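# Examination of the molecular architecture
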Amino acid sequence: MIDKKLEEAFNDQINKELYSAYLYLAMKVHFQELNLQGFVNWFDVQVQEEKAHAIGMFNYLDERGGKIDLRAIDKPEVKGSTILEIFEQVLEHEEYVTSRINHLADVAEEVKDRAALHLLDWYIKEQVEEEANVGGLLSTLRFIGDDKKALLVLDKDLAARVFNPPVIG
Ligand code: FEO
């Protein structure tokens, strides 16, 4: 059985992962309006990854005999209006998620749940990748500035991104 405090932290994080999917879906709308299909694809993949992150924790909690408690997902708020501002928010959001995953690992450590810590190692590594990926994209966007031709080249590159279902744990 899983410790109640850890169970609560997992349920909270499942909600945050689903919120992440919801936020990226909301951001995708902006790029649909601009007809930047590569960016649309990038957000599609992002949404699928976030859902996979949530399901990974959902399945884990179930496997450990925990009680799954699905909660209301907040309305997503896209703060920026430019492409750069939107990606700044993506990075800010991923940094927030990293802090929550670290909190989850702190709770697992506190209740001495080694199995959960093993699973969370995967999520910690995934967050390093997420932040690096978005950080790199942000640097490219800053470099591009107002160059629309370069933006269209980047859009083509982003069209090639594919979702690879992660093997979590
Ligand atoms: Fe599930 Fe983007 O972190």
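Conventions used here
- Residues numbered from 1 in each chain as written.
- Predicted model: local features only at pLDDT ≥ 70, side-chain atom pairs only at ≥ 80, totals over all residues.
- Heavy atoms only, no water.
- Helix = DSSP H or I, 4+ residues; strand = E, 2+ residues; numbered from the N terminus.
- Buried < 20%, exposed > 50% of the residue type's maximum accessible area, 1.4 Å probe, protein only.
- Axes fitted to C-alpha atoms, helices over the stretch in contact; angles between N-to-C directions.
- Parallel < 35°, antiparallel > 145°, perpendicular 65-115°, else oblique.
- Left-handed = near helix turned anticlockwise from the far one by under 90°.
- Nonpolar A, V, L, I, M, F, W, Y, C, P; charged D, E, K, R; others polar.

## Quick word on unusual backbone geometry
The phi torsion at Asn35 lies on the positive side, around 55 degrees, for a residue other than glycine. Topologically, Asn35 is positioned in the loop between helix H1 (4–33) and helix H2 (37–63). One non-glycine residue with positive phi stands out, namely Lys112, at about 55 degrees. As for its placement among the helices and strands, Lys112 is situated in the loop between helix H3 (83–110) and helix H4 (114–144).

## Considering the environment of Lys148
As for its placement among the helices and strands, Lys148 is situated in helix H5 (residues 148–158). Overall, the relative accessible area of 67% leaves Lys148 in the exposed class. Along the sequence, Lys148 and Glu95 sit 53 residues apart, while their C-alpha atoms lie 29 Å from each other.

## Topic: the packing of H1 against H2
Packing of H1 against H2 leaves a shortest axis separation of 8 Å and a crossing angle of 165 degrees. When the axes of H1 and H2 are compared, the pair comes out roughly antiparallel. Judged by the twist between their axes, the crossing of H1 over H2 is left-handed. Here the residues of the contact of H1 with H2 are counted per class, giving 17 nonpolar, six polar and six charged.

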